[in-house]
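Residue-level structure breakdown
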Amino acid sequence: QGQLVESGGGLVQAGGSLRLSCAASGRTFSTYVLGWFRQAPGKEREFVAAIRWSGGNTYYADSVKGRFTISRDNAKNTVYLQMNSLKPEDTAVYYCGAGVGWGMVVGIMGSYAYWGQGTQVTVSS
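First, a word on what this report is: a plain description of the structure on this page. All values derive from a computational prediction rather than experimental measurement. (Residues numbered from 1 in each chain as written. Predicted model: local features only at pLDDT ≥ 70, side-chain atom pairs only at ≥ 80, totals over all residues. Heavy atoms only, no water.)

1. Some points on the overall build of the protein
The number of helices and strands found in the protein is 0 helices and 11 strands. Listing every helix and strand of the protein by position from the N terminus yields β-β-β-β-β-β-β-β-β-β-β. For a compact globule of 125 residues, the expected C-alpha radius of gyration is about 14 Å, and the protein comes in at 13 Å, within 12% of that figure. Each principal axis of the C-alpha atoms in the protein carries an extent, and together these give about 40 × 25 × 25 Å. Out of the 125 residues belonging to the protein, those deemed buried represent 44%. Within the protein, residue pairs in contact and separated by at least 24 positions form 58% of the contacts whose partners lie at least 6 positions apart. Total accessible area computed for the protein in this model is approximately 6200 Å², and 47% of it derives from carbon and sulfur atoms. Here the protein contributes 11 positively and 7 negatively charged side chains, and the mean placements of these two sets differ by 6 Å. (Helix = DSSP H or I, 4+ residues; strand = E, 2+ residues; numbered from the N terminus. Rg over C-alpha atoms; globule rule 2.2 N^0.38 Å. Buried < 20%, exposed > 50% of the residue type's maximum accessible area, 1.4 Å probe, protein only. Contact = heavy atoms within 4.5 Å. Areas by Shrake-Rupley, 256 points an atom, 1.4 Å probe, with all protein chains shown as cover. Lys, Arg positive; Asp, Glu negative; His and termini not counted. Charge placed at Lys NZ, Arg CZ, Asp CG, Glu CD.)

What follows is the structure, given as structure tokens:
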């Protein structure tokens, strides 16, 4: 079935930027919602941002609003998370997920049927 592969994580200083990518394959995700979640050590996985593939509606957690931007490239079947003004508290493994999209709650993990392997983001102070 569907596969999602994240990339773009790394080490960055506070105030810096990173762009994460989530490449989708194996299934048509055009009717899905693609979301980013993150999980820090000892913390629960939390919602970061989401986008409806069709229409491009976006959703953001309050903690990242104004700093992060989610987008998609139809030709590349890829969703991006542009992260600016990074803070040490943004340090986490970032996961890309895909949900069916119709009537789903974008901010909860249970809405997403497919997940990538995660990519580590570390923000130093």
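2. Things to note about the pairing of strand β1 (residues 3-7)
In the case of a regular strand, side chains alternate between the two sheet surfaces. Of the two faces of β1, only the one carrying Leu4 and Glu6 is buried; Gln3, Val5 and Ser7 on the other face are not. With 5 bridges joining them, β1 and strand β3 (residues 18-25) adopt antiparallel strand pairing. Residue pairing in the sheet places Glu6 in a bridge with Cys22 of β3. (Pairing = 2+ DSSP bridges.)

3. A closer look at the sheet that holds β1
Pairing is antiparallel across the open sheet formed by 4 strands, whose spatial order is β1-β3-β8-β7. At either end of the open sheet lies a strand with only one pairing partner, and these are β1 and β7 (68-73). For this sheet the average axis-to-axis angle between neighbouring strands, irrespective of direction, equals 15 degrees. Direction of pairing for β7 relative to strand β8 (residues 78-83): antiparallel, over a ladder of 6 bridges. Across the sheet, residue Ile70 finds its bridge partner in β8, namely Leu81. (Axes fitted to C-alpha atoms, helices over the stretch in contact; angles between N-to-C directions.)

4. Concerning the nonpolar core
It is characteristic of soluble globular proteins that their nonpolar side chains tend to be buried jointly. Leu4, Leu34, Trp36, Leu81, Met83 and Tyr94 are the most contacted members of the largest nonpolar core, which has 36 residues in total. Only β3, β4 (33-39), β5 (46-52), β7, β8, β9 (92-99) and β11 (119-124) provide two or more residues apiece to this core. At 5 residues, β5 tops the list of elements feeding residues into this core. Among residues more than four places away in sequence, those in contact with Leu81 are Leu18, Arg19, Leu20, Trp36, Val48, Ala49, Phe68, Thr69, Ile70 and Tyr94. (Core = buried A, V, L, I, M, F, W, Y, C linked by side-chain atoms within 4.5 Å.)

5. Quick word on the environment of Leu20
Inspection of the secondary structure assignment puts Leu20 in strand β3. The class for Leu20 is buried, based on a relative accessible area of 0%. The spacing of Leu20 and Ser54 is 34 residues in sequence and 20 Å in space, taken between C-alpha atoms.

6. Here's the deal with the environment of Tyr60
Along the chain, Tyr60 falls in strand β6 (residues 58-60). Residues Tyr60 and Val48, spaced 12 residues apart in sequence, show a C-alpha to C-alpha distance of 5.9 Å. Residue contacts for Tyr60: discarding those within four places in its chain leaves Phe47, Val48, Ala49, Lys65, Phe68, Thr69 and Ile70. A distance of 2.9 Å separates a polar side-chain atom of Tyr60 from the backbone nitrogen of Ile70. (Polar contact = N/O pair within 3.5 Å; in protein donor to acceptor, adjacent residues only side chain to side chain.)

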